[in-house]
Every structure is written in structure tokens, then in C-alpha cells.
Amino acid sequence: MKLITIAGTRPEIIKLSELIPMLNKHYDHRFVFTGQHFSNNMREIFFKELELDPDYCLNAHSSSYEKLTREVNEVLRIERPSDVIVYGDTNSTVAGARAARQAGARLFHIEAGLRSFDDEMPEEWN
């Protein structure tokens, strides 16, 4: 089984910091960071402090579903995972789910976040 975890934001890095090393230890696992949060203070410092090293850092510099999905699709085409994990309710989560479906991989979604019921927030739509 080849497993890929897809994340793209600072909160996802923090929340996944304990899970990624366990997955690396027990599975043929790759960690894909989309780059939805792309400034240094939103990602690099957290990778360093939490001792995480993404296998793919896409540097999408975007929160566009379409762009993120295209970039994740390319990784899934190369890696051909059987399973994909997405976390939370961000645009990277939606893009990862869309790409997993297009690749025919089984999808696991962890934690949808707290609901605000504020339709102005993209996470509510996701």
C-alpha cells in the first residue's frame, strides 16, 4: 500500500506533525505540501521546529482549487498511491480529495474543523 498525505496550510502542518512520522515508520508514505500557505512564517519555520520534511513541496502559491488540483494530480500520477489522506477543510483538502478521486485512490478525510456557519468563510463551503 502506498499512502500519500496532502496538506497545504500552517494549521495542517501543526496538526499533522505527530501523524506524519508514524505514517513514515509504518507505511510507504509520502507527505505532499501544496504551498497554499507559502510565506516563510506560515510554513518553513513550522517544518523546522516540528522536524517535518515534505517529500513534495509544490509551492503553488495559490489557494485556487484548480491550480492546487492540477499540481497534486501531477504528484499522484508519479507516485500512484492506493490511498490518500486529506486533513481539515482548506482548499488544499478539497484539491487533494478531487485529485485522489481522479487518480482512483481511496480517500481518507480527517477532521473537518469547527463549524462557524459563516458562509463568507471558504472553509464553510469546503
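Let me sum up the structure you'll find in this document. (Residues numbered from 1 in each chain as written. Predicted model: local features only at pLDDT ≥ 70, side-chain atom pairs only at ≥ 80, totals over all residues. Heavy atoms only, no water.)

Some points on the sheet that holds strand S3 (residues 56–57)
Cut-off, in case you're wondering: DSSP calls a pair of strands paired once it identifies at least 2 bridges connecting them. Per the convention used, a helix needs a DSSP run of H or I reaching at least four residues, while a strand needs a run of E reaching at least two, with both numbered from the N terminus. Contacts: residue pairs with any heavy atoms within 4.5 Å of one another. For helices, the axis comes from a line fit to the C-alpha atoms of the stretch in contact; other axes are also lines fit to C-alpha atoms, and the angle between any two N-to-C directions lies between 0 and 180 degrees.
The strand order across the open sheet formed by five strands is S3-S2-S1-S4-S5, and the pairing between neighbours is parallel. For this open sheet the edge positions go to S3 and strand S5 (106–110), each flanked by a neighbour on one side alone. Where strand S4 (residues 83–87) lies against S5, five bridges are found, and the strand directions are parallel. Counterpart to Ile-85 in the pairing with S5 is Phe-108. Of the strands in this sheet, strand S1 (2–7), strand S2 (28–33), S3 and S4 are in contact with helix H4 (residues 65–79), which crosses S1 at around 165°.

Re the packing of H4 against helix H5 (residues 91–103)
Selection rule: Throughout this description, any angle smaller than 35 degrees is read as roughly parallel, any larger than 145 degrees as roughly antiparallel, any in the 65 to 115 degree range as roughly perpendicular, and the remainder as oblique. By definition, any crossing whose near helix is turned counterclockwise from its far helix by less than a right angle is left-handed, and any crossing with a clockwise turn is right-handed. When residue character is reported, Ala, Val, Leu, Ile, Met, Phe, Trp, Tyr, Cys and Pro are called nonpolar, Asp, Glu, Lys and Arg charged, and the others, Gly included, polar.
The geometry of H4 relative to H5 is characterised by a closest axis approach of 8 Å and an angle of 45° between their N-to-C directions. Of the possible angle classes, the one that applies to H4 and H5 is oblique. As H4 packs across H5, the resulting crossing turns out to be right-handed. Of H5, the residues touching H4 (which contributes Tyr-65, Glu-66, Leu-68, Thr-69, Val-72, Asn-73 and Leu-76) are Asn-91, Ser-92, Val-94, Ala-95, Gly-96, Arg-98, Ala-99, Ala-100, Gln-102 and Ala-103. Split by residue class, the contact of H4 with H5 holds nine nonpolar, six polar and two charged.

As for the packing of aromatic side chains
Put simply, the rule is: Each Phe, Tyr or Trp ring, with Trp reduced to its six-membered ring, pairs with another whose centre is within 6.5 Å; inter-plane angles below 30 degrees give stacked pairs, above 60 give edge-to-face pairs, and intermediate values give tilted ones.
For the structure on display, the rule yields two aromatic pairs. Aromatic side chains Phe-31 and Phe-47 sit 6.4 Å apart centroid to centroid with 80° between the ring planes, which places their arrangement in the edge-to-face category. Residue Phe-31 is located in strand S2, and its partner Phe-47 is located in helix H3 (residues 44–49); the two are separated by 16 residues in the primary sequence. An aromatic cluster of at least three residues, connected via ring pairs, comprises Phe-31, Phe-33 and Phe-47.

A few points about the environment of Arg-30
Cut-off, in case you're wondering: Definition of a polar contact: a pair of N or O atoms within 3.5 Å, with one able to donate and the other able to accept a hydrogen when the atoms are protein atoms, and with sequence-neighbouring residues admitted only if both atoms are side-chain atoms.
Take Arg-30: it is sitting in strand S2. On a C-alpha basis, the gap between Arg-30 and Ile-4 in space is 4.8 Å, while along the polypeptide they are 26 residues apart. Setting aside anything within four residues of it in sequence, one finds Arg-30 in contact with Lys-2, Leu-3, Ile-4, Thr-5, Asp-55 and Glu-79. A polar contact is formed between the side chain of Arg-30 and the side chain of Asp-28, at a distance of 2.6 Å. In this structure the side chain of Arg-30 is engaged in a polar contact, spanning 3.4 Å, whose partner is the side chain of Glu-79.

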